[in-house]
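Summary of the model geometry
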Amino acid sequence: MKNTSAEEKFSFSKMGTRHLQIFLLFAAGFIGYGMRANMSVGIVAMMSDKPPDKSIPTYPEWDDKDTILSSFFWGYVVFQIGAGQIAEKYGPKYFLMTSLAIASCFSTIIPYMAAQFGSTGVIVNRVIQGLCQGFLFPSTHCVLSKWTPLAERSRIAGFVYTAGPLGTSVSMVVTGYISDTSFGWPYVFYLYGCLGLLWVLAYTYYGCNKPSEHKTISMEERKYIEGSTQAVNDVDVQLKTPWGKILTSLPFWAILVSHVGNNWGFWTLLTEIPSFMSSVLKFDIKSNSELSALPYLGYCILGLLISPISDIVIGRKILSLGSSRKFFNCIGLILPALSLIALGYLPTGHAHIAVLLLILAVSTNAGVLVGFNVNHIDISPNFAGTLMGLTNCAANFGSFIGPLMVKFIVTDPKDEYLWRIVFMISAGFYIASAIFFVIFGSGERQEWNEQQVSIEGEINYGSTADTKERKLSA
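As the structure is a computational prediction, the values presented were derived from the model and not from experiment.

**Let's talk about the overall build of the protein chain**
Secondary structure summary: the protein chain contains 20 helices and two strands in total. Looking at the protein chain as a whole, 59% of its 474 residues are labelled buried. Contacts spanning at least 24 positions in sequence make up 82% of the contacts within the protein chain whose residues lie at least 6 apart.

**Here we look at the packing of aromatic side chains**
Per the stated rule, a full pass over the model turns up 21 aromatic pairs. When the centroid spacing of 4.5 Å and the interplanar angle of 5 degrees are considered together, the rings of tyrosine 59 and tryptophan 62 count as stacked. For tyrosine 59, a relative accessible area of 10% translates into the label buried. Here the aromatic rings of tyrosine 187 and tyrosine 190 are separated by 5.2 Å at their centres, their planes lie at 85 degrees, and the arrangement is edge-to-face. Here tyrosine 187 pairs with tyrosine 190, and both are found in helix 10 (residues 186–206), just three residues apart, close to one helical turn. Take tyrosine 187: its relative accessible area is 41%, and that puts it in the partly exposed class. By the ring-pair criterion, three or more aromatic residues cluster together here, those being Tyr59, Trp62, Trp185 and Phe189.

**Overview of the nonpolar core**
Counting 89 residues, the largest nonpolar core has Trp199, Tyr203, Leu269 and Leu340 as its most contacted members. For this core, the leading source of residues is helix 13 (residues 250–279), giving eleven residues.

**Examining the environment of glycine 32**
As for its placement among the helices and strands, glycine 32 is situated in helix 2 (residues 17–46). A relative accessible area of 0% places glycine 32 in the buried class. In the structure, glycine 32 is positioned 72 residues away from serine 104 in sequence and 8.8 Å away in space, judged by C-alpha atoms.

**What about helix 2?**
In an α-helix there are 3.6 residues to a turn, and that puts residues three or four apart on one side. Helix length check: helix 2 (30 residues) gives 43 Å between terminal C-alpha atoms against 44 Å at 1.5 Å per residue, within 8%. Helix geometry: helix 2 is bent most strongly at serine 40, by close to 35 degrees. Taken across its 30 residues, helix 2 has 26 buried, putting it largely inside the fold.

**Considering a nonpolar patch on the surface**
A cluster of nonpolar residues, Leu20, Phe23, Leu201, Tyr205 and Tyr206, forms a patch on the protein surface that exposes about 590 Å² of accessible area. By residue number, the principal contributor to the nonpolar patch is helix 10, which donates three residues. For leucine 201, the location among the structural elements is in helix 10.

**What about the side chain of threonine 175?**
Summarising the element assignment, threonine 175 is placed in helix 9 (residues 163–179). Among all residues touching threonine 175, those that are not within four sequence positions of it are Asn38, Val41, Gly42 and Val188.

**Concerning the packing of helix 8 (residues 153–161) against helix 17 (residues 372–379)**
Two numbers describe how helix 8 lies on helix 17: the axes approach to 10 Å, and their chain directions differ by 135 degrees. Relative to helix 17, the element helix 8 is oriented oblique. Every pair of crossing elements has a handedness; the one defined by helix 8 and helix 17 is right-handed. For the pair formed by helix 8 and helix 17, the contact residues are Arg153, Ala157 and Tyr161 on the first element and Asn373, Val374, Ile377 and Asp378 on the second. In terms of residue class, the contact of helix 8 with helix 17 is made up of four nonpolar, one polar and two charged.

**Focus on the confidence of the model for the protein chain**
In this model, the protein chain carries a mean pLDDT of 83, and residues with pLDDT of at least 70 account for 86%. Here residues 1–9 is a poorly scored stretch, pLDDT under 50, and it has six contacts once near neighbours within four places are set aside; other chains count. This model gives residues 452–474 a pLDDT under 50, and the stretch forms 44 contacts once residues within four places in sequence are excluded.

Rules of the game
Residues numbered from 1 in each chain as written. Predicted model: local features only at pLDDT ≥ 70, side-chain atom pairs only at ≥ 80, totals over all residues. Heavy atoms only, no water. Helix = DSSP H or I, 4+ residues; strand = E, 2+ residues; numbered from the N terminus. Buried < 20%, exposed > 50% of the residue type's maximum accessible area, 1.4 Å probe, protein only. Contact = heavy atoms within 4.5 Å. Phe/Tyr/Trp six-rings, centres within 6.5 Å; stacked < 30°, edge-to-face > 60°. Core = buried A, V, L, I, M, F, W, Y, C linked by side-chain atoms within 4.5 Å. Expected span 1.5 Å × (residues − 1). Bend = angle between axes of the 7 residues up to and from the residue. Patch = residues over 30% accessible without salt bridge, like charges linked within 9 Å, V, L, I, M, F, W, Y side chains within 5 Å. Areas by Shrake-Rupley, 256 points an atom, 1.4 Å probe, with all protein chains shown as cover. Salt bridge = Lys/Arg side-chain N within 4 Å of Asp/Glu carboxyl O. Axes fitted to C-alpha atoms, helices over the stretch in contact; angles between N-to-C directions. Parallel < 35°, antiparallel > 145°, perpendicular 65-115°, else oblique. Left-handed = near helix turned anticlockwise from the far one by under 90°. Nonpolar A, V, L, I, M, F, W, Y, C, P; charged D, E, K, R; others polar. pLDDT = per-residue confidence, 0-100.

Right, dumping it as structure tokens:
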């Protein structure tokens, strides 16, 4: 079968085995991000002195809200690098399943931890959930590197990673609604725990590490996927991680710096938008949850629009792969920075304009989905999980330092000037990381990606695509 025929038969618009794997990854991200984000709205209800029903426990005496919000990331950074390594060596399936299963179980016991151990119990719970979700991104990237044909890479990765913002926006709305009913905030955590356990059950039966392990995939689709992923898919081929070459690679550092700058701004906004809405813009919890969710819904919509455009731009050679990544990365970082600068200097009394600027700041950030966020697979499909683990580990120091910084800067939540400082710092991280990626980023597959250890134990530097083709023909 000619390659063009394979591409026509297994185009993105026609369902294949890989689409089920993609949907399962999307669902994992949706639920995982929902678990992360529900605390940013739920904490408002947990600390309220006026619950919607007297039977709902609340803790207005707690004074460590920002510590609770950032505690998830204390655990999240720990397993990032190791997660990528073991996912590549042993396969990501069971690590995804186990980590989300544990995180889901701990979600269901948050109300108990709060009642028995106070805010300290909640902090410990969130740290454990963070530890578990540290496997999510590296493992997801590892699966994507094996299941994603080059011609579909942007739209598939874009689709999978829009699950996070969509899960965030849905979680905020759901949390706000449930917290405002007689059920109360505890049922939010019960709900997400149960959803996570249902996903684990589904992935047990339908999830698969790579095409070569799938029992029912057609040979035509398998060849189509493996022929253009440029990653080693054979079960019996072992890879040796070229740590020295990775850590001295400027394209890798371009991804890392961009990832750090992006996460600082993104997670500062994610955790603090509800507080800003409540303290400065004076929205109640129900309106707060809906308006706080709007930016992330915009992110999801824009991400789904940008992703196929990126594939078209690359496929029609309007821009090279590297230039396309840089262009969309700038959209995803510079436009949010400009929106935050405008928000910081917006005169008092323009609440609805402020909401619009927040929506622009978050939604335009979707450009990074087809910028640095997928670039790990471009430069090294064989080590994409490890690269994501490295950059996500570094980036998530910004994820919890950013919210903690707000605690020290915004000593008076009603002071708009203090919020301006927060927005300016985030804008600065966005702009600096965008410039660095433009200068040092690349769309070229790096030479160290080709290093592999064959079945006989000899190190080869030949084409991994050629190796796969010979094995498939054998």
